[in-house]
Amino acid sequence: MYSADFLRDLAKDKVTGDFYPFDTGNIENVINYIRKLVGSLSDNPSLIIEPDFDYYGSGFASYIPVRISKRDNSDSTITTAKNRVSKETKGILLYISNLTPFWYFGGSEWSVTTENGRQVSGSSGFLFPEDNNAYDTTKWETDMERIKFTLNQFNYQLLKQDELETPLDFDLTLGSNFIAGKPRVFDCFFHWND
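Residues numbered from 1 in each chain as written. Predicted model: local features only at pLDDT ≥ 70, side-chain atom pairs only at ≥ 80, totals over all residues. Heavy atoms only, no water.

**As for the pattern of salt bridges**
Piece 1. Summed over the entire model, instances satisfying the criterion amount to six salt bridges.
Piece 2. A salt bridge links Arg 8 to Asp 5; the shortest N-O distance between them is 4.0 Å. Of this pair, Arg 8 and Asp 5 both sit in helix 1 (residues 4-11), three residues apart, which is roughly one turn of the helix.
Piece 3. Arg 8 sits in the partly exposed class, given a relative accessible area of 28%.
Piece 4. Residue classification places Asp 5 among the exposed positions, given a relative accessible area of 55%.
Piece 5. A salt bridge links Asp 143 to Lys 70; the shortest N-O distance between them is 2.5 Å. One end of the pair, Asp 143, is in helix 3 (residues 137-153); the other, Lys 70, is in strand 3 (residues 63-70), with 73 residues separating them in the sequence. This pair shows no difference in class: Asp 143 is buried, exactly as Lys 70 is. (Salt bridge = Lys/Arg side-chain N within 4 Å of Asp/Glu carboxyl O. Helix = DSSP H or I, 4+ residues; strand = E, 2+ residues; numbered from the N terminus. Buried < 20%, exposed > 50% of the residue type's maximum accessible area, 1.4 Å probe, protein only.)

Have a look at this one:
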């Protein structure tokens, strides 16, 4: 498992790792590295890759969320009414840590509504450990293997649901919008404070 010191460092937003760019301790170097990783994911022409490098528009997150959907819209429902088009997607959400070379993924849903071609509303969910299998595994099997391969090429390790669900066995104050009750290992790796 992970040491208390390692998890405390993540909770303090300390960049940690033993290869470049993590060994520099500089988060901007890591962000640039993740941009290259996302660029490699975007090489798959059948997928739409949507990273959020702006931390949901405010605050700070210890990860970069990346929404992934099918370019052929086979994972989406599209409805049209007058000048409005609504698209509801059941895709994949990646959390790529910008503090340490670990990542996680799961099923997620989001929607976008446009009117006369301009976005007027949208919604998106967040990822939790239990979302790991909340997607159509048959529909996503081949694409997920390619995604995992790409993350592995960048030396990112995939975290497991059971280890992320584990409650911390030490006291820790952690700034995050999503902690309900005792913090879990997940909260150290993936936290956002608005």
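Next comes the rest of the description.
**A short note on helix 1**
Piece 1. Buried within helix 1 are the following residues: Phe 6, Leu 7, Leu 10 and Ala 11. For helix 1, the buried positions fall inside an angular range of 140° around the axis, keeping them on one side.
Piece 2. The secondary structure elements touched by the buried residues of helix 1 are strand 6 (102-115) and helix 5 (185-189).
Piece 3. Trailing helix 1 by a residue or two, Asp 13 shows a phi angle of about 65°, which is positive. (Arc of directions from axis to C-beta. Contact = heavy atoms within 4.5 Å.)

**Observations concerning the environment of Lys 14**
Piece 1. Looking at the secondary structure, you find Lys 14 in the loop between helix 1 and helix 2 (27-41).
Piece 2. Along the chain, Lys 14 and Ile 27 lie 13 residues apart, while their C-alpha atoms are 8.5 Å from each other.
Piece 3. The residues touching Lys 14, leaving out its near neighbours within four places in the chain, are Asp 9 and Leu 99.

**Observations concerning the environment of Ser 58**
Piece 1. The residue Ser 58 is located in the loop between strand 1 (47-51) and strand 2 (60-61) in this model.
Piece 2. Its relative accessible area of 27% is what places Ser 58 among the partly exposed residues.
Piece 3. Here the alpha-carbon distance between Ser 58 and Trp 192, two residues 134 residues apart in the chain, equals 9.5 Å.
Piece 4. In this structure Ser 58 touches Trp 192 and Asp 194, once residues within four positions along its chain are discounted.

**Here's the deal with the side chain of Asn 44**
Piece 1. Residue position: Asn 44 is located in the loop between helix 2 and strand 1.
Piece 2. At 2.7 Å, the side chain of Asn 44 forms a polar contact with the side chain of Ser 46.
Piece 3. In terms of polar contacts, Asn 44 uses its side chain to reach the side chain of Asp 143, at 3.5 Å.
Piece 4. In contact with Asn 44, not counting residues within four places along its chain, are Asp 143 and Arg 146. (Polar contact = N/O pair within 3.5 Å; in protein donor to acceptor, adjacent residues only side chain to side chain.)

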